[in-house]
Number of protein chains: 4
Amino acid sequence: MSKKIRKIGVMTSGGDAPGMNAAIRAVVRACAYYHTECVGFYRGFQGMIEGDYVTLNARSVRNIITYGGTMLQSARSKEFRTREGRAKAAEKLKEAEVDAMILIGGDGTFKGGLALSEEHGVPCIGVPGTIDNDIAGTNYTIGYDTALNTVVEAIDKIRDTASSHNRLFFVEVMGRDAGFIALNSGIGAGAEEILIPEEDLGLERLLNSLERSRRSGKTSSIVVVSEGDKIGKNVFELAEYVKENLPYYDAKVTVLGHIQRGGRPTCFDRVLASRLCVKAVELLMDGKRDMMVGIINNEIKATGIREALQTEHKVNKDLLRISDILST
Amino acid sequence: MSKKIRKIGVMTSGGDAPGMNAAIRAVVRACAYYHTECVGFYRGFQGMIEGDYVTLNARSVRNIITYGGTMLQSARSKEFRTREGRAKAAEKLKEAEVDAMILIGGDGTFKGGLALSEEHGVPCIGVPGTIDNDIAGTNYTIGYDTALNTVVEAIDKIRDTASSHNRLFFVEVMGRDAGFIALNSGIGAGAEEILIPEEDLGLERLLNSLERSRRSGKTSSIVVVSEGDKIGKNVFELAEYVKENLPYYDAKVTVLGHIQRGGRPTCFDRVLASRLCVKAVELLMDGKRDMMVGIINNEIKATGIREALQTEHKVNKDLLRISDILST
Amino acid sequence: MSKKIRKIGVMTSGGDAPGMNAAIRAVVRACAYYHTECVGFYRGFQGMIEGDYVTLNARSVRNIITYGGTMLQSARSKEFRTREGRAKAAEKLKEAEVDAMILIGGDGTFKGGLALSEEHGVPCIGVPGTIDNDIAGTNYTIGYDTALNTVVEAIDKIRDTASSHNRLFFVEVMGRDAGFIALNSGIGAGAEEILIPEEDLGLERLLNSLERSRRSGKTSSIVVVSEGDKIGKNVFELAEYVKENLPYYDAKVTVLGHIQRGGRPTCFDRVLASRLCVKAVELLMDGKRDMMVGIINNEIKATGIREALQTEHKVNKDLLRISDILST
Amino acid sequence: MSKKIRKIGVMTSGGDAPGMNAAIRAVVRACAYYHTECVGFYRGFQGMIEGDYVTLNARSVRNIITYGGTMLQSARSKEFRTREGRAKAAEKLKEAEVDAMILIGGDGTFKGGLALSEEHGVPCIGVPGTIDNDIAGTNYTIGYDTALNTVVEAIDKIRDTASSHNRLFFVEVMGRDAGFIALNSGIGAGAEEILIPEEDLGLERLLNSLERSRRSGKTSSIVVVSEGDKIGKNVFELAEYVKENLPYYDAKVTVLGHIQRGGRPTCFDRVLASRLCVKAVELLMDGKRDMMVGIINNEIKATGIREALQTEHKVNKDLLRISDILST
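Only a predicted model underlies this, so the values are computations on that prediction, with no experimental measurement involved.

With respect to the UniProt feature "active site" (unreviewed entry) in chain A
All names here are of chain A.
Then, number 1: Residues annotated in UniProt with the feature "active site" (unreviewed entry) correspond here to Asp132.
Then, number 2: Turning to its location among the elements, Asp132 is positioned in the loop between strand E5 (124-128) and helix H5 (144-165).
Then, number 3: The exposure class assigned to Asp132 is buried, which follows from its relative accessible area of 18%.
Then, number 4: Residue contacts for Asp132: discarding those within four places in its chain leaves Gly175, Phe180 and Ile181.

Have a look at this one:
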């Protein structure tokens, strides 16, 4: 039988994502509701190793639902990747009398939690928080919807100037291994072409498509490029290549970069974070461990972390077809 | 065997919703892709009766994906509710050589389409476009996500001033018969209480909750009220009642009103509109009729309009529980 | 010779305005720069009377430049309007060893500061912070630019739905005694008519103008109404009156209300607040008192508070002419 | 005596700026008000040379006040820089019976207008439209306020992630020759350092300041860099240099790029564009020529174009001092 949970720790780890504060708030408030103590570790596993934490109550998280970033900060910890580092972390948890952890982050965070559980018996629940949406066991990760809107809003602005000048713009968005952001923001922004790491459509095809666009009278175009696209060129080389081959195009590049990680979370991300984290606390209260919470068909579901880590969250390639049809 | 579709008509009807333009664009572009003509009727069924339409091609819908409202305008038509009105409309469709219709709107719009199909044999496909999210056969309607964000953004602003002044705010949001907007925006905005038409929680409970909030040290509060709440009082009466019973509260009212219908659509609504409308065109090309398109578990599905109209899209009342936990 | 200033108090008073936090930050940071202590009083004069204050240093105001509202909260104090109340406040200032005050607010706040200076010898500097822009001695008050953008953004949304439905919208904005917000947001939003308290244009003229609009083919219209308009009717009565006289119009009303006070401040308001408050601290360090700071022709200027209070900041009525020309 | 003006041409030229559409609308509506015809030339001087224009009436500019970009498009024309090109343009104006031109753009645009007036007797009025604010004869140019807000909003997002990760961010903003955008957005965003082309503060000073920041406990910092900064390094080299010398900093770079040119104009830019362009039309109706319109101390003023071109609009370097004080 599992030990009664008297104190829960929470942390955010990996790349930060909008909605992480809403998630922390929900963990803290749910703990208060279930009369369980709650502490927050700073800078992810690194703060755990250093025993750097703070007691959190309902008032500590006042109004943070509206803010981007994470009040607990985030970091990547090299030390935690060693057995010694994890032992130190477990020791600190014990000292702090923390009975279980809720880990908000991505794949790497979940793996860390699993190791902590297996090696030191700390019950862990993972909450998917990353703008990349590249985690199985959930349709959406916290921060993804906000990032999509940030990208679409930026491309809307670029389109204003593109249309005013008959220009071709290459816009690089985040997503080194997964095309979720590129694919959905590309459709949302009405991009003419979308390049994602999951599918190498070839340079030839891109040139043909741009030429066809132009012949049909389009004088400005937007191409959304995932930072990890497989076309073998980075976004600047791509623009150069197109300029050389289609000299009538005045091709420009914009790399959206870190603005995609920030900003006030959308309603979707706030509600998602709230629902996932109430569930995470309830799972721990019910004696569950080594699970992640996710939203599937609009219901909150728990999946084994191990299972989730072994599954790939694949982009819906049918969206490429939709994009093709709509950029007619 | 069904007649080959050579020309598709599209219209928007009922209350307008952000993303309707993205939907029109997707219908037009998908028609172009499938080498089918496309015309747009102005002001919903009323324009159909008056034969008021325009030919639409890929260029006509350039850039409209980013705009709120609907370029085809919307209206409610009394005349169409009569058998004569519908006969006139069918006559005009015939004159315009329109073989099938795509109807973007809510319940009333779908009923109109069904009548047109049954009485005059016009194949119709319904696309759920309304901020209220009160349609079965889909998890989300077009415009709902944008409206949620508009509401949350407005309440964030109200919270700034509420926190600065120790005030209690009653914020009325749309949703005469359904609490979707109130429930989700209320959780997203971190409201202390949410009143929805589906559940009468009683005035007593509201007073107790506000008093408890205050005793726990909260000095400002937000109560989100659905315009159709069942508590037996409108939002102004509610505020008066609270002021009389809890005189230490300086209760204010804000009715968000029509700003909830406008604004640039979110990425979610644009992608949803795009996917639904490509599917709507493809259903017609495949000889289907009297169906609506929806998104279920992130997949686009078709449901019979009649079936959808007979089913109620219910709010997830578990969200009230989540709200209670989080306003601890 | 004036006493050396070792500790400065700061407070926000009256209606809150976006940019008040940026103003507090600038006072605090300028104090740190000039090696002067700084304390903040909560809830304006009321907190002063209660001796409710906090020591502020450069870290206390971290990141608040981006937030709406005021971290020191605001209130109106009846007690301070009495001689006894002010004596109590002066006593508390003495106890706290506060040598001078910076008061961020409107007319009423400035009057309070003047009384404190005259009756108890406390040097005061006023900083104009109010969305209403109704203070002489400055072209712009802190919060006004943000409020204008909030209003324009809201009317843009209303226009989306107005255009989609051929509707006439009456939009009530703040400004009981001054038409600054109505006039500038009305022009910015492209309103067809603007009603301000400074000028009663008459109902007849409004009806004529709306009728002319309609005859020229306009099917939707926006009328911006200052809450204190002199036309003798409130905005709901106005809409009824128009509906009775111009029955073809489907007139709707939206009262924007308190969303106008909140929101992240614009760049203009942040820079304005920063410049004004550095100057306010420097005036005190230079032995000045009973002045207000303002921006005139893009330069920061000091004016005697008494002089400013005796002068009226008038709206530029030429803007009504501009509005007439542009709603052609 | 000057010839009666029966038809006015309008065009946008140079880099596009938010508010150009509001400016076009105001020209068109003011022409309608004064019973003067109005035509719009596409793509600036290039469209003039090609005789590519459209007749504009009050309805043509409906709702465009809310949109970024320019409906008349913009371009730079090499041909117009030759005497032959200008002769061709003048010929086309004559054919179109255009009596006078209103030119919306920057310095280059104004020079072109002057040449057209001197060589071919076409009365021209310049309207300052550029995000760079680098034109004398006006406190503000159309588009500048919107660009500032776009930059501040982007940096707010970057600060979310910077704070979450203890990072140093270099953010490059527009302004090759003038630091207006960097200086004002830097103060508005609470940047720790601001580098502008007008003042080389030296690398040494930057390192010292960052080191001091860090010692005082700041763990994240933003440095705003004008694209034309005089420090002798581009923004990527700068980041490398800092990383080498202050290895504890994880320095990142974001180049905001073309998003700064787009977006819905702020209220300020819309009102400014409206007032300037009504005045521009009125100047022509009064027989004036070769002037530019500007806003000075909140009043609309006309200045000779030649005089304006010979004067430099200087940034207020006192703002650097303000920035230093506030980043204490």
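Re the relation of the copies chain B and chain A
Then, number 1: Superposition record for chain B on chain A: RMSD 0.0 Å, screw rotation 180°, translation along axis 0.0 Å. A rotation of that kind, with that shift, is consistent with a two-fold axis. Considering only C-alpha atoms, the part of chain B nearest the rotation axis is Asn297(B), at 2.0 Å.
Then, number 2: The overlap is high: 100% of the interface residues of chain B also sit at the interface in chain A, so the same surface is used on both sides.

Points about the interface of chain D and chain C
Then, number 1: Taken together, the contact between chain D and chain C spans 55 residues of the former and 55 residues of the latter.
Then, number 2: For the chain D and chain C pair, buried surface summed over both sides reaches about 4500 Å², with 52% attributable to carbon and sulfur atoms.
Then, number 3: The largest contributions to the chain D side of the interface with chain C come from Cys267(D), Ile325(D) and Leu326(D), which together make up 14% of the buried area.
Then, number 4: Inspection of the region where chain D meets chain C yields 6 salt bridges.
Then, number 5: A salt bridge links Arg270(C) to Asp156(D), with the nearest nitrogen and oxygen atoms 2.8 Å apart.
Then, number 6: Contributing elements (two or more residues each) for the side of chain D that touches chain C: helix H1 (20-33), helix H5 (144-165), helix H6 (180-188), helix H9 (267-285) and helix H11 (318-326) of chain D.

Digging into the nonpolar core
Then, number 1: Of all hydrophobic cores here, the largest spans 304 residues; its most connected members are Ile102(A), Ile102(B), Ile102(C) and Ile102(D).
Then, number 2: Filtering out sequence-adjacent residues up to four positions away, Ile102(A) remains in contact with Ile8(A), Gly9(A), Val10(A), Met11(A), Val27(A), Ile125(A), Val127(A), Ala280(A), Val281(A) and Leu284(A).

A look at the state of the cysteines
Then, number 1: Scanning the model with the defined rule gives 0 disulfides over all chains in all.
Then, number 2: A disulfide-free cysteine, Cys277(A) has its sulfur positioned 9.9 Å from the sulfur of Cys31(A), the nearest such atom.
Then, number 3: On the accessibility criterion, Cys277(A) (0% relative accessible area) is buried.
Then, number 4: Sulfur of Cys124(D): no disulfide; nearest cysteine sulfur belongs to Cys31(D) and is 14 Å away.

Focus on the relation of the copies chain D and chain C
Then, number 1: Taken as rigid bodies, chain D and chain C are interconverted by a rotation of 180° and an axial shift of 0.0 Å, the fit giving an RMSD of 0.0 Å.
Then, number 2: Looking at the interface residues of chain D, 100% of them are also at the interface in chain C, so both copies use one shared face.

Some thoughts on unusual backbone geometry
Then, number 1: Although it is not a glycine, Asn166(C) adopts a positive phi angle of roughly 55°.
Then, number 2: Judged by relative accessible area, which is 25%, Asn166(C) ranks as partly exposed.
Then, number 3: Positive phi is not limited to glycine here, since Glu97(D) has a value of about 60°.
Then, number 4: Mapped onto the fold, Glu97(D) is located in the loop between helix H3 (83-95) and strand E4 (100-105).
Then, number 5: We classify Glu97(D) as exposed; its relative accessible area is 56%.

What about the packing of aromatic side chains?
Then, number 1: In total, this model carries 31 aromatic pairs over all chains according to the counting rule given.
Then, number 2: Plain terms: the ring middles of Tyr248(A) and Tyr249(A) are 5.4 Å apart, the flat faces sit at 45° to each other, and that makes the pair tilted.
Then, number 3: What makes Tyr248(A) partly exposed here is its relative accessible area of 34%.
Then, number 4: On the basis of relative accessible area, Tyr249(A) is assigned to the buried category, the value being 4%.
Then, number 5: Ring centres 5.0 Å apart and planes at 80° place the aromatic pair Tyr140(D) and Phe268(D) in the edge-to-face group. Note that Tyr140(D) is positioned in the loop between strand E5 (124-128) and H5 and Phe268(D) in helix H9, a separation of 128 residues in sequence. Considered together, Tyr140(D) and Phe268(D) belong to a single accessibility category, that of buried residues.
Then, number 6: Members of the aromatic cluster, connected to one another through ring pairs, are Tyr140(C), Tyr144(C), Phe180(C), Phe268(C), Tyr140(D), Tyr144(D), Phe180(D) and Phe268(D).
Then, number 7: Arg214(A) extends its terminal NZ or CZ atom over the ring of Tyr248(A), reaching a point 3.8 Å from the ring centre.

Rules used throughout
Residues numbered from 1 in each chain as written. Chains lettered and ligands numbered in written order. Predicted model: local features only at pLDDT ≥ 70, side-chain atom pairs only at ≥ 80, totals over all residues. Heavy atoms only, no water. UniProt positions renumbered as here; feature names shortened; annotations may be inferred. Helix = DSSP H or I, 4+ residues; strand = E, 2+ residues; numbered from the N terminus. Buried < 20%, exposed > 50% of the residue type's maximum accessible area, 1.4 Å probe, protein only. Contact = heavy atoms within 4.5 Å. Least-squares fit on C-alpha atoms with pLDDT ≥ 70 in both. Buried area = accessible area lost by both parts, 1.4 Å probe. Salt bridge = Lys/Arg side-chain N within 4 Å of Asp/Glu carboxyl O. Core = buried A, V, L, I, M, F, W, Y, C linked by side-chain atoms within 4.5 Å. Disulfide = S-S within 2.5 Å. Phe/Tyr/Trp six-rings, centres within 6.5 Å; stacked < 30°, edge-to-face > 60°. Lys NZ or Arg CZ within 6 Å of the ring centre and 35° of its normal.

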